[in-house]
Amino acid sequence: MPKPLVIVESPAKAKTIEGFLGRENVRVIASYGHIRDLPGSAKAVPDSIKDKEVRRLGVDVEQHFEPVWVVPENKKQYVKAIKEAVKDASELYLATDEDREGEAISWHILQVVKVPKGVPVKRMVFHEITAQAIAEAFEQGRELDEKLVEAYQGRRVLDRLFGYEMSLVTRRRAGGASSAGRVQSVAARLVVERERERMAFRAASYWDLQATFHSGDADFAAGLVAVDGRRLAVGKDFEATTGQLKESADVALLDEGGATDLASRVRDVPYRIDSVETKSFTERPRPPFTTSTIQQEAARKLGFSAARTMSIAQKLYENGHITYMRTDSTNLSTQAVSAARNQIRALYGDDYLPAEPRAYKGKVKNAQEAHEAIRPAGDQMRVPDDLASELHTSDERRLYELVWKRTVACQMADARVRRVTARLVATASGVGEVVTFQATGRTIEFPGYLRAYVEGADDPEAELDDREALLPPLSEGDAAKCTALEPSGHTTQPPARYTEASLVKELEERGIGRPSTYASVIETLLRRDYVWKKGSALVPSWTAFAKQQLLERHFPQLINYEFTATMEEALDAIARGEGEAEKWLHAFWFGDGTPGLKELVDDEHLATIDPAVVNAVHIGHDADGREILVRVWNNGASVNREDERAPVPADLCPDELTIEKAEELIKEGSGGPRVLGEDPETGLPVMVLTGRFGPFVQLGEMEEGSDEKPKRASLLTGMTANTMEFDDAVRLLSLPRVVGVGDDGVEVTAQNGRYGPYLKRGTDSRSLEAEEQLFTVTMEQADVLFAQPKRRGRQAKPPIADLGPHPESGANVRVLDGRFGPYVTDGTINATVPRGVDPATIDLNQGVELLREREARGPATKPAKKATKKKATKKATKKATKKRTIKGPAPKTTTRVVKKGTSARAKAAKKSAAKATVRAEQASVQAPAGATGPPADTAGAGTL
């Protein structure tokens, strides 16, 4: 018999809902997300569409910005299953999430699936997956929200136009850049601008005195705050870019000598308490979680990335433990408030329950994405201990507990705090300055909501400042004795780099993007190598600097903070029915008083972009007035001073590349090879160089215009460029070494590869245990190794660190050295150690956090199959004859003209000519005019 069909996005959600409604009553299936999308390439566009621009963009900008929707290959099986299921349905319930994306998924399903006549279609919406919520939603359907769908299409088309056009520009003009996005590019701008502030920062020092006083029966600490009535200088009184005192700062500045001298003159003088001020105030609890604030707090308190937080929250939601996790709203339902108040009364008592429920007003004008804050699901809001058996991982338990605490705390009574400030004065001996010391105490008179929850801070110092400190009873006029006094020096600190938490906070406050997209935006920045992590801080790469310079000099409007926020407001207005997507897209693409995107990316404008300028980042001038630049290439960056050049180490933060550091890199030989001697066999010079990934030795120099690279060899463990000797270099270049010839007449060689040292005999190989064996292994030893069964996989190197058992699975957690660098593993999951982190310093907690974060990201995308050599050659030849899409300066390239023929030599010449033309098209980024770049593949550790 036909029965109702419910369609949701995910199998986990389908299983939970089917359990509530009953398998015998309904059928619940999953669409596995969106079943249609814009085409990923022109090949995916239907043959019926002939217009080349429409096939390229996937959008017909001339026909009302009509998108081309296609069903991807990996979704066709799900579409087929949905069509079959609809045939036997008595009713169709579209139960996708009640946000813009959920509404769009339901709309796509209706567009693709032919619903039989007479079968009712209802939009089933809910904010939590509980039995009651699902039952109510099943009984109360609504129509599809066409305005939400229009807003979705407008956003999708906008992001496609921006992404496709600007990504093409950045790939051709900004060294190493591979993409540009509407929100992604602005987020990268924030990170780059913060790094620029750090690069411009000049540290300043200031001193004060720290003392211990005794009054009555107790000791307390105090610090010097004024001399002769003038406030003592603190960090905020200095210019960040000069390190000098601000002109407007009327303060006293002590240096080390002055502080030491003053300390000697005030140590033994009598002190009296000049004033005691007591101030009481209340602290209100923070609102319940929204998408943005849960990402921030999970980063601060749990160390989760934004992506990891959203992945765990998704599981909690689908399993019915929390309400929908994509929301801008701080509202709580009446049932949720009642449940929270009941738990407060039961757990903490009536003193912690305010007389009236609290209501919170959100900052966001259009609080869509769901209409309630993130909270524990249901009318009872189960305490974390009650859910222990249902929460499958410690991550789920920790995040649920965070949500529960925040929700309960937001309905609790205010905390009452008393702050006491005491000032002590004395007259210094000698000159007779009047010095003022200040002591501060903070006492929590009534903890209120602090019993349940204390919000984290981005600045660790802020948390220290808020700690509770007690002062003994003090009265004005009382005497006090100084029992200890020491000068204390301080240095101003540059602005802190963004963390994921602080970047999310900044984006939300500026109204840029949607909180529900922040996790994917940050993941993109990391994946595209625009930023990398040093601890929890986000560090911009030099590629991000080049991309930023390109956009701010030639496309400033597109990365303007206000302009980007205005785009979000326009999309929200469309969702509210206050605007039309087509009109807004028309203004964005064709312009409205100012140039539109179409004009900005035309050949005339792009021809004005000089890659040599875009990819040169100014660092400063040396003592002789010579400019020092960082030039950004597709494969890294180099520091340049006139004709001198050195690769910039991959793990060097931009603010650490000072003038002194740049000169050091060049001086150490990175700007050119250090010739060790002449090879006795070839007569070529043997030299040592330093590349982006470390030092290596080389035989001879790279010949201009030649694709053939000189012979190179990476240094072995323990070798350095500065101590490399000629004999050692010759030994390295002698590899592979012929060990001998086996009884079967096949030559045996010792070689060093990406997986370490090994022996090779024909197509067979065996690993060696130590690098020194490359030069000492004998044929007898080789025969023994080849007589043994071959080990599958590469020979494991000894672990960098053995961290111990995983707290959940019990599996041994280790830090290993892999093909692509050090990584943490528990035998099932591998997590790369972030750049800038010494793998030897990682402890078990850090290792487990890396593994959890990697697991939250899900499986890596399966790479596309490589094209065959024949197809690749045809593709290169076709590209060589194609007119350049973007014009710009490019170096001259010599292309051989080959007569028709079928000889192997002629074919090889054709391939060479095609490759040369392709290289010429890309050369504006790979080798900007007037600059010489490093070798395309500079040898690094483990590579010959």
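In case you missed it, the structure is sitting above this.
Values in this document were obtained by computation on a predicted structure and should not be read as measured data.

Caption draft 1: Region of the structure containing a negative patch on the surface. Negative charge collects at one region of the surface, where Asp743, Asp744, Glu780 and Asp783 lie side by side. In this fold, aspartate 743 is placed in the loop between strand 24 (737-741) and strand 25 (747-753). Given the relative accessible area of 88%, aspartate 743 is considered exposed.

Caption draft 2: Main features of the packing of aromatic side chains. Applying the stated criterion across every chain, the model contains 15 aromatic pairs. Residues tyrosine 32 and tyrosine 78 carry aromatic rings whose centres are separated by 4.1 Å and whose planes lie at 15 degrees to one another, so their mutual orientation is stacked. Residue tyrosine 32 is located in the loop between strand 2 (27-30) and helix 2 (52-57), and its partner tyrosine 78 is located in helix 3 (residues 76-87); the two are separated by 46 residues in the primary sequence. On the basis of relative accessible area, tyrosine 32 is assigned to the partly exposed category, the value being 37%. Each ring, one from tryptophan 69 and one from tyrosine 152, has its centre 5.9 Å from the other, and the planes form 15 degrees; the classification is stacked. Of the two residues, tryptophan 69 sits in the loop between strand 4 (66-67) and helix 3 while tyrosine 152 sits in helix 6 (residues 146-173), which places them 83 residues apart along the sequence. According to the relative accessible area criterion, tryptophan 69 is buried, its value standing at 14%. The structure contains a cluster of three or more aromatic residues connected by ring pairs, namely Phe213, Phe220, Tyr271 and Phe437.

Caption draft 3: Spatial organisation of the environment of arginine 155. If you trace the backbone, arginine 155 turns up in helix 6. For the pair arginine 155 and alanine 581, spaced 426 residues apart in the sequence, the C-alpha separation amounts to 8.5 Å.

Caption draft 4: Spotlight on the packing of helix 4 (residues 100-112) against helix 6. Where helix 4 contacts helix 6, the axes come no closer than 9 Å and their chain directions differ by 100 degrees. Classified by the angle between their axes, helix 4 and helix 6 sit roughly perpendicular to one another. The segment helix 4 lies against helix 6, with Arg100, Glu101, Glu103, Ala104, Trp107 and His108 engaging Leu148, Val149, Ala151, Tyr152, Gln153 and Arg155. Its residues assigned to classes, the contact of helix 4 with helix 6 shows six nonpolar, two polar and four charged.

Caption draft 5: Examining the sheet that holds strand 26 (residues 756-761) more closely. Here we have four strands laid out as an open sheet, ordered 24-25-26-27, and antiparallel in their pairing. A strand with exactly one partner marks an edge of an open sheet, and here the two such strands are strand 24 and strand 27 (764-767). Taken over all neighbouring pairs, the strand axes of this sheet differ in orientation by 25 degrees on average, direction set aside. Judged from the four bridges that link them, strand 24 and strand 25 form a sheet pairing that is antiparallel.

Caption draft 6: Structural view of the side chain of glutamate 372. Within the secondary structure, glutamate 372 sits in the loop between helix 11 (334-347) and helix 12 (394-409). For glutamate 372, a relative accessible area of 8% translates into the label buried. One polar contact links glutamate 372 to arginine 375, side chain to side chain, over a distance of 2.4 Å. When sequence neighbours within four positions are dropped, the list of residues in contact with glutamate 372 reads Thr327, Ser329, Asn331, Leu332, Ser333 and Ala336.

Caption draft 7: Representation of the nonpolar core. Met166, Trp542 and Phe555 are the most contacted members of the largest nonpolar core, which has 135 residues in total. When residues of this core are assigned to their parent elements, the largest contribution, ten residues, is made by helix 6. Judged by nonpolar contacts, the second largest core, of 29 residues, contains Tyr271, Ala426, Phe437 and Leu474.

Caption draft 8: Seen up close, the environment of glutamate 84. Along the chain, glutamate 84 turns up in helix 3. In this structure, the C-alpha to C-alpha distance between glutamate 84 and valine 113, residues 29 residues apart in sequence, is 9.4 Å.

Caption draft 9: Quick peek at the sheet that holds strand 17 (residues 627-633). Taking strand neighbours across the sheet as the criterion, the four strands line up as 16-17-18-19 in an open arrangement whose pairing is antiparallel. Every interior strand has two partners, whereas the edge strands, strand 16 (616-621) and strand 19 (644-647), have only one. Within the sheet, the average angular offset between the axes of one strand and its neighbour, ignoring direction, is 25 degrees. Here strand 17 runs beside strand 18 (residues 636-641); their pairing, made up of five bridges, is antiparallel. In the strand pairing of strand 18, leucine 629 is matched with asparagine 640. Of the strands in this sheet, strand 16, strand 17 and strand 18 are in contact with helix 16 (residues 542-554), which crosses strand 16 at around 105 degrees.

Caption draft 10: Fine view of the pairing of strand 17. Among the seven residues of strand 17, six are classified as buried, and the element is accordingly described as predominantly covered. As judged from the five bridges shared by strand 16 and strand 17, these two strands associate in the antiparallel manner. When the bridges of strand 17 are listed, histidine 618 appears paired with leucine 629. In this structure, the hairpin formed by strand 16 and strand 17 is closed by a connection of five residues, where glycine 625 is found at a positive phi of approximately 85 degrees. What sits between the antiparallel neighbours strand 17 and strand 18 is a turn of two residues.

Caption draft 11: Examining helix 25 (residues 779-787) more closely. Along helix 25, the residues that are buried comprise Met779, Ala782 and Phe786. Seen along its axis, helix 25 keeps its buried residues to an arc of 55 degrees; they face one direction. Of the exposed residues in helix 25, those oriented more than 90 degrees away from the buried face are Glu780 and Ala787. Close packing links the buried residues of helix 25 with strand 24, strand 25, strand 26 and strand 27.

Analysis parameters
- Residues numbered from 1 in each chain as written.
- Predicted model: local features only at pLDDT ≥ 70, side-chain atom pairs only at ≥ 80, totals over all residues.
- Heavy atoms only, no water.
- Patch = residues over 30% accessible without salt bridge, like charges linked within 9 Å, V, L, I, M, F, W, Y side chains within 5 Å.
- Areas by Shrake-Rupley, 256 points an atom, 1.4 Å probe, with all protein chains shown as cover.
- Salt bridge = Lys/Arg side-chain N within 4 Å of Asp/Glu carboxyl O.
- Lys, Arg positive; Asp, Glu negative; His and termini not counted.
- Charge placed at Lys NZ, Arg CZ, Asp CG, Glu CD.
- Helix = DSSP H or I, 4+ residues; strand = E, 2+ residues; numbered from the N terminus.
- Buried < 20%, exposed > 50% of the residue type's maximum accessible area, 1.4 Å probe, protein only.
- Phe/Tyr/Trp six-rings, centres within 6.5 Å; stacked < 30°, edge-to-face > 60°.
- Axes fitted to C-alpha atoms, helices over the stretch in contact; angles between N-to-C directions.
- Parallel < 35°, antiparallel > 145°, perpendicular 65-115°, else oblique.
- Contact = heavy atoms within 4.5 Å.
- Nonpolar A, V, L, I, M, F, W, Y, C, P; charged D, E, K, R; others polar.
- Pairing = 2+ DSSP bridges.
- Polar contact = N/O pair within 3.5 Å; in protein donor to acceptor, adjacent residues only side chain to side chain.
- Core = buried A, V, L, I, M, F, W, Y, C linked by side-chain atoms within 4.5 Å.
- Arc of directions from axis to C-beta.

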